[in-house]
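Examination of the molecular architecture
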Amino acid sequence: MSILTAVPSHAEEWKEIKDKHFVVYYGSAMSSEEAGRLLRQAEKYYDLIARQIGYARYSNFWTWEERVKIIIYDDQAAFMAKTGQPAWSKGYADRHPKLFESKMIVTYRQEQEFFNGLLPHEISHLILHDFLGPQTSVPLWFDEGVAQLQEAEKRAVADRLLQRLVLEKKQLPLPVLMELDIRREKNSTKVTLFYVQSLSVIDFLLTQYGSDAFARLCRQMRDGKSFAEALRLAYGHSFDSVQQLEDKWINSFRN
Ligand SMILES: [Zn+2]
């Protein structure tokens, strides 16, 4: 089924509510209060993430007709029927080139976990891809690391888990993490490790060196540099290789 059939048509009964960067389309299962709460959350996450990764100062063109569309189906059955998504899928902006281009988050009405998890996750992906530009193929670990930054409690969980894994020397070497294609990985321990470690390395860069350096890193990647080159150029005084990043990241658990 074409992704474009996910877009609400005028024949269906959709209500809409919009603010500066987002427009929410919702069906009859959602109250206008709930839609309003969703919209406020989305705007809040936009501000937090844009500031955190240093995007805010460079770009602000998610407004007016460029607003991101958040499409909320009434339930999972309607979502699956319209989008052709499998039952395990809770929604996507994730890695769908058409959706990144058209700036859409398509999902269905869900409980609280949506507000704390999927919503900030997908908004972060969209901001990052906007920041790096459509021509940049974003490394998977980098993409997923950034996407998890605003997911409630994820950082604390990643920290606790890695604290132990690093002591036992069970973390993935960074060059392995950076090459892992998680979409083909069948080992669930490795999948978990991929997500927590991606988040931890991104979090380390941001908390230790700040948003400005991170924004420089993104700009270099946008200009076509590999992560390793971009790292050297953006953080020259701190690391000149992925190995040095790995050493300092590991050391951060020994304090
Ligand atoms: Zn993701």
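Preceding this paragraph is the structure being described.
Just so you know, these numbers come straight off a predicted model, no measurement behind them.

**A short note on the side chain of Arg67**
Position of Arg67 among the secondary structure elements: in the loop between α1 (32-52) and β3 (68-73). No salt bridge is formed by the buried Arg67; its nearest oppositely charged neighbour, Glu43, is found at 6.1 Å. Within the structure, Arg67 has its side chain in polar contact with the backbone oxygen of Asp19 (distance 2.5 Å).

**Description of the pattern of salt bridges**
For the structure on display, the rule yields nine salt bridges. The shortest N-O distance in the salt bridge between Glu16 and Lys18 comes to 3.6 Å. The shortest N-O distance in the salt bridge between Asp203 and Arg155 comes to 3.0 Å. Of this pair, Asp203 sits in helix α8 (residues 188-222) while Arg155 sits in helix α6 (residues 154-167), placing them 48 residues apart in sequence. Residue class for Asp203 comes out buried when judged on its relative accessible area of 13%.

**Section: the nonpolar core**
With 70 residues, the main nonpolar core has Ile53, Ile70, Phe142, Phe214, Leu217, Phe227 and Leu245 as its most contacted residues. At 15 residues, α8 tops the list of elements feeding residues into this core. Residue-level mapping places this core at the junction of two domains, with at least three residues from each of domain 1 (3-132) and domain 2 (151-251). Setting aside residues no more than four positions away along its own chain, Phe214 makes contact with Ile53, Phe142, Val146, Ile202, Leu205, Leu206 and Tyr235. The next biggest cluster of nonpolar side chains, apart from the first, holds nine residues, and it includes Ile71, Tyr73, Met104 and Val106.

**Quick word on the coordination of the zinc ion**
Around the zinc ion, the donor atoms from the protein are His121 (NE2), His125 (NE2), Glu144 (OE) and Glu144 (OE), and they sit 2.1 to 2.6 Å away. Classification of Glu144 by relative accessible area gives buried; the value is 1%.

**Notes on the pairing of β3**
Regular strands place their side chains on alternate faces of the sheet. The element β3 is extensively covered by neighbouring structure, given that five of its six residues are classed as buried. Where strand β2 (residues 22-26) and β3 come together, five bridges link them in parallel fashion. Residue pairing in the sheet places Val23 in a bridge with Lys69 of β3. Where β3 lies against strand β5 (residues 104-108), five bridges are found, and the strand directions are parallel. By the bridge assignment for β5, Lys69 is matched with Met104.

**Some points on the environment of Leu199**
Summarising the element assignment, Leu199 is placed in helix α8. Considering only alpha carbons, one finds Leu199 and Glu144, 55 residues apart in sequence, at a separation of 7.1 Å.

**Brief notes about helix α4 (residues 112-132)**
Three or four residues apart is the spacing at which side chains of an α-helix point the same way, because the helix has 3.6 residues per turn. A rise of 1.5 Å per residue sets the reference length of α4, with its 21 residues, at 30 Å; its end C-alpha atoms lie 30 Å apart and thus fit the reference within 8%. Most pronounced at Leu118, the bend in α4 amounts to some 30°, and the proline Pro120 follows within four residues. With its phi angle positive at about 85°, Gly133 sits one or two positions after the end of α4.

Scoring rules and cut-offs
Residues numbered from 1 in each chain as written. Predicted model: local features only at pLDDT ≥ 70, side-chain atom pairs only at ≥ 80, totals over all residues. Heavy atoms only, no water. Helix = DSSP H or I, 4+ residues; strand = E, 2+ residues; numbered from the N terminus. Buried < 20%, exposed > 50% of the residue type's maximum accessible area, 1.4 Å probe, protein only. Lys, Arg positive; Asp, Glu negative; His and termini not counted. Salt bridge = Lys/Arg side-chain N within 4 Å of Asp/Glu carboxyl O. Polar contact = N/O pair within 3.5 Å; in protein donor to acceptor, adjacent residues only side chain to side chain. Core = buried A, V, L, I, M, F, W, Y, C linked by side-chain atoms within 4.5 Å. Domains from an automatic or database assignment. Contact = heavy atoms within 4.5 Å. Donors = N, O, S within 2.8 Å, 3.2 Å for Na, K, Ca; no water. Pairing = 2+ DSSP bridges. Expected span 1.5 Å × (residues − 1). Bend = angle between axes of the 7 residues up to and from the residue.

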